[in-house]
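Structural features, examined
Read off the chains here:
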Amino acid sequence: MNTVTLFTWIGFIVFLAIMLFLGYIGTKKTKNIRDFAIGGGRLGPVVLGLSFAATYLSAATFLGYPGWSHEWGLTNLWLMLAMIGGGALGVLMVAKKIRSLNEEQKSLSLPDWLGDYYNSDLLRVGTGLILLFNIFYIAAQFVAGARIFEYLLGMDYRTGLILITVVVVVYVFGGGAFADIYTDAVQVIMMAIAGIVIFISGIVIFWKNGIAATFAGITDNLAAQDANLVAVFNPDSAHFYSIGAVIGAICIQWAFASAPHLFNKVLGIKNEKDLGKMILTYVIVASLSVLVLFGGLYSRVALGSGEFVADLALMEYVAWAFPAAVVALFGVVILAAAMSTTDGLFVSISTVFANDIFLKFLVRRGYVKVDEEKAEKIALQISRLTVPVVGIIALLIVMKPPAYMGDIMWIGISGVAAGTLGPILYAVYGKRKASARAAEGSMLIGLAAYLILYFGGLIQSTMTAGAVATGIGIVTMVVLANVLTEKKEEARLANAEQGQ
């Protein structure tokens, strides 16, 4: 066993012990489905801001996205603007209104909130099923964990995949939102420190008598390898090949801020007045964490195009630049990033089946006849049992490792945004409440547009396809809301005239 492997095992075991301990604390606090879904709605702004950042960033920030930087160069820095600016703007635009509306609704998830607001079971169940797209997102995080086990511990990819699946399933199974949020706070602090260390390391290693001269040297090295690596829009990039593609990436990151597993964080905050503190915490921590994208550029400068998997570009750079103990620490940080997103996704999907479909649809409508106390117990059982089922499905999706984990992840994000953002935004900004039919139409047309555009091969970028489909869903919502409202008003006036 070499030094890196030894340090990685030690770091992973310590980290795992902390995560399982926090999961145990979460288990003791989780008494009902509301606790499992949003931590009982009584959490503070800093811990939720840290959790929001950890869940938003994911392992793609440390594996997939630096891999894009290594492959496509400076053009990938557009992603920093998209993640920090687009994400924060998305939260600011919807969070306060959603939290305010939920004071009366007491909803536990995105489908629950939409179903209650528009009084539509079709919307509740439909958006709940759309959330199954997030299994792709979970699968991408599993890839990250498996890659780290493979790279640092010498495990077979599939063995590592099974191990990361088991670890996450075990601590989310019991602790739900409490386990998710407590572990996230620890994980994202590690991620922010890693981002700072990576960014500074390149300046130190490639130093040339000043910051400007240092980055000029880095740029010259990239240009010598391939002129496209220093292009503003790299034609080789899958996501930043034109101004339209960049706008699409910013828009889909903006839409992503309303994703279900992030939405739950907003519903979990104790006081509405603390939302500003929550968002500020997210912006600070996220800004530090995304500095890790420079690691992909540094790896290209130091190692050239290389013969390694693009997703491992950051780890190749870390192994080249740092001693064994630091390499092992970065491996643990990436595992933390994978877990910090995956646990939130598990909680949001579990809540859909337990609360949105079982309690709010099957029990409320009388399809399942049980008393309230028993229904709550069954719902909590469903939420927990959903976790291993979803874990197995996600594992099976990536049994064959993908070329880029980031692309797998954005299949899930884009599908959810396309089907849900229209009804969300209209609820927040519409001058008057739209009919359920308008929201249902937006959900179905937005989702159909994404399936046709991406899976039909019309748009190759998952981000761009998601952004266009989300735009179609939003426009559909606005048009249907106004058309159906006008028809309703016309019918009301016609009935009034007949009554006279």
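Structure's up top.
Fair warning: this is a prediction, and the values are worked out from it, not measured in the lab.

What counts as what
- Residues numbered from 1 in each chain as written.
- Predicted model: local features only at pLDDT ≥ 70, side-chain atom pairs only at ≥ 80, totals over all residues.
- Heavy atoms only, no water.
- Helix = DSSP H or I, 4+ residues; strand = E, 2+ residues; numbered from the N terminus.
- Buried < 20%, exposed > 50% of the residue type's maximum accessible area, 1.4 Å probe, protein only.
- Contact = heavy atoms within 4.5 Å.
- Areas by Shrake-Rupley, 256 points an atom, 1.4 Å probe, with all protein chains shown as cover.
- Patch = residues over 30% accessible without salt bridge, like charges linked within 9 Å, V, L, I, M, F, W, Y side chains within 5 Å.
- Salt bridge = Lys/Arg side-chain N within 4 Å of Asp/Glu carboxyl O.
- Phe/Tyr/Trp six-rings, centres within 6.5 Å; stacked < 30°, edge-to-face > 60°.
- Lys NZ or Arg CZ within 6 Å of the ring centre and 35° of its normal.
- Core = buried A, V, L, I, M, F, W, Y, C linked by side-chain atoms within 4.5 Å.
- Axes fitted to C-alpha atoms, helices over the stretch in contact; angles between N-to-C directions.
- Parallel < 35°, antiparallel > 145°, perpendicular 65-115°, else oblique.
- Left-handed = near helix turned anticlockwise from the far one by under 90°.
- Nonpolar A, V, L, I, M, F, W, Y, C, P; charged D, E, K, R; others polar.

Here's the deal with the overall build of the chain
- Counting secondary structure elements, the chain contains 20 helices and 0 strands.
- The buried share of the chain, taken over its 500 residues, is 59%.
- Counted over contacts in the chain with a minimum sequence separation of 6, partners at least 24 positions apart contribute 83%.
- Accessible area of the chain: about 18,800 Å², with a carbon and sulfur share of 66%.

Remarks on helix 4 (residues 64–72)
- Taken across its 9 residues, helix 4 has 8 buried, putting it largely inside the fold.
- Inspection of helix 4 places Gly64, Tyr65, Pro66, Gly67, Trp68, Ser69, His70 and Trp72 among the buried residues, and these make up the whole buried set.
- Phi turns positive one or two residues past the end of helix 4, at Gly73, with a value near 80°.

Some thoughts on a nonpolar patch on the surface
- A cluster of nonpolar residues, Ile196, Ile200, Val204, Ile205, Leu280, Ile284, Leu288 and Trp320, forms a patch on the protein surface that exposes about 700 Å² of accessible area.
- Of all the elements in the fold, those that place two or more residues in the nonpolar patch are helix 9 (157–205) and helix 13 (275–289).
- For the nonpolar patch, the leading source of residues is helix 9, giving 4 residues.
- With respect to the element layout, Ile284 can be found in helix 13.
- Take Ile284: its relative accessible area is 48%, and that puts it in the partly exposed class.

Looking at the environment of Ile382
- Mapping Ile382 onto the fold places it in helix 17 (residues 372–397).
- On the accessibility criterion, Ile382 (24% relative accessible area) is partly exposed.
- Those residues within four positions of Ile382 in sequence are excluded, and the remaining contacts are Phe353, Ala354 and Phe358.

Examining the packing of aromatic side chains
- One pass over the full model with this rule turns up 21 aromatic pairs.
- Taken together, the ring pairs connect Phe199, Phe206, Phe215, Phe294, Tyr298, Tyr317, Trp320, Phe322 and Phe330 into an aromatic cluster.
- In this structure, Lys433 packs its charged tip against the face of Tyr117, placed 4.6 Å from the ring centre.

A few points about the nonpolar core
- Counting residues in hydrophobic clusters, the biggest one holds 140 residues, and the most contacted among them are Tyr65, Tyr118 and Trp410.
- No other element matches helix 18 (residues 405–429), which puts 15 residues into this core.
- Those residues in contact with Tyr65 that sit more than four places away from it in its chain are Ala60, Asn76, Leu79, Met83, Gln253, Leu293, Met409 and Trp410.
- Of all hydrophobic cores here, the second largest spans 6 residues; its members include Phe358, Leu359, Val363 and Ala379.

A word on the packing of helix 4 against helix 18
- With their axes 8 Å apart at the nearest point, helix 4 and helix 18 run at an angle of 125° to one another. Relative to helix 18, helix 4 is oriented oblique. For helix 4 against helix 18, the interelement crossing comes out left-handed. From helix 4, Gly64, Tyr65 and Trp68 reach across to helix 18, where they touch Met405, Gly406, Asp407, Met409 and Trp410.
- Tallied by class, the residues present in the contact of helix 4 with helix 18 amount to 5 nonpolar, 2 polar and 1 charged.

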